Amino acid sequence: VAEGYANPDFSVHDKVLLYLNGVCPEIANQYDRKFTAYDVATFVINEISNAQVLGYGDRFNPTQIIILLSEGIAVEKAVAYDKRFTFGDILPLVRYDVSNEDASKYGKRFDGYGIVELFKNGISNEEAVKYDKRFASWDIVSFVKAEVGAEVANGYNAKLDASEIIRLVGEGIGPEVR
């Protein structure tokens, strides 16, 4: 069982794991040595070749690569995003068809989901950053939909959340009343 596996980092337990998952040495040896036996078995079970995996480089871990491939996100698309975008950012950006070019227009303050929310609602980074950092992207979207500008929203006490500010504005109670 343990013979023929070329990766010196594979323990006897690793080789048994591969064997029990139907991964013969000829297949396992095709994968880069940076991958664990578990990674190799998972790739083989999911019919992901070493060539596919290596295309993603070191930016993504094996689990993330499997998710990207299962989501139909090609390597070219995933690695095209600026390095500041993590796996967690790239997933929503691709799902909602926000290109790297468009996403990169937003500051580091906003993560992938935040950028999607702002982009889908036609709110530019220039407009979004006028709102205090205490406001998340969905707060900014709510303000814009309620026609509450940044200067007004920012003027309210920091203890108030966006929904409270919108309610106060609707009731005609300005920020000067604390």
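Our subject is the structure listed above.
Residues numbered from 1 in each chain as written. Predicted model: local features only at pLDDT ≥ 70, side-chain atom pairs only at ≥ 80, totals over all residues. Heavy atoms only, no water.

Engineer: Honestly, the environment of A6 in this entry has me stumped. Any pointers?
Structural biologist: Among the secondary structure elements, A6 is positioned in the segment before α1 (12-20). On a C-alpha basis, the gap between A6 and D102 in space is 45 Å, while along the polypeptide they are 96 residues apart. Sequence-distant contacts of A6, that is, excluding residues within four places in its chain, are made with N29 and R33. (Helix = DSSP H or I, 4+ residues; strand = E, 2+ residues; numbered from the N terminus. Contact = heavy atoms within 4.5 Å.)

Engineer: Help me understand the environment of P175, please; the structure alone is not making it clear to me.
Structural biologist: In this structure, P175 sits in the segment after α13 (162-170). Sequence separation between P175 and Y106 is 69 residues, and the spatial gap between their C-alpha atoms is 28 Å. When near neighbours in sequence (up to four residues on either side) are disregarded, P175 contacts V152, G155 and Y156.

Engineer: Would you take a moment to explain the packing of α1 against helix α3 (residues 37-45) for this structure?
Structural biologist: Packing of α1 against α3 brings their axes to within 9 Å, and their N-to-C directions diverge by 10°. Classed by the angle they form, the pair α1 and α3 counts as roughly parallel. Listed contacts from α3 to D14, L17 and L18 of α1 are A37, Y38, V40 and A41. For the contact of α1 with α3, the residue count by class is six nonpolar, no polar and one charged. (Axes fitted to C-alpha atoms, helices over the stretch in contact; angles between N-to-C directions. Parallel < 35°, antiparallel > 145°, perpendicular 65-115°, else oblique. Nonpolar A, V, L, I, M, F, W, Y, C, P; charged D, E, K, R; others polar.)

Engineer: I keep staring at the packing of aromatic side chains and nothing clicks. Help me out?
Structural biologist: Note on aromatic pairs: each is described by the distance of the centres and the angle between the planes. For the structure shown, the criterion picks out seven aromatic pairs. Taking the centre distance of 6.4 Å and the plane angle of 75° together, the rings of F60 and F87 count as edge-to-face. Of this pair, F60 sits in the loop between α4 (50-55) and α5 (62-70) while F87 sits in helix α7 (residues 87-95); the two residues are 27 residues apart in sequence, bridging distant segments of the chain. Comparing F60 with F87, the two get one shared label, buried. Measuring from ring centre to ring centre gives 5.5 Å for Y131 and F143, while their planes differ by 0°; the resulting arrangement is stacked. Of the two residues, Y131 is situated in the loop between α10 (125-128) and α11 (137-145) and F143 in helix α11; the sequence distance between them amounts to 12 residues. Comparing Y131 with F143, the two get one shared label, buried. Through successive ring pairs, a cluster of aromatic residues spans Y31, F35 and F43. Here the guanidinium or amino end of K120 rests over the ring plane of Y96, the centre of that ring lying 5.1 Å away. (Phe/Tyr/Trp six-rings, centres within 6.5 Å; stacked < 30°, edge-to-face > 60°. Buried < 20%, exposed > 50% of the residue type's maximum accessible area, 1.4 Å probe, protein only. Lys NZ or Arg CZ within 6 Å of the ring centre and 35° of its normal.)

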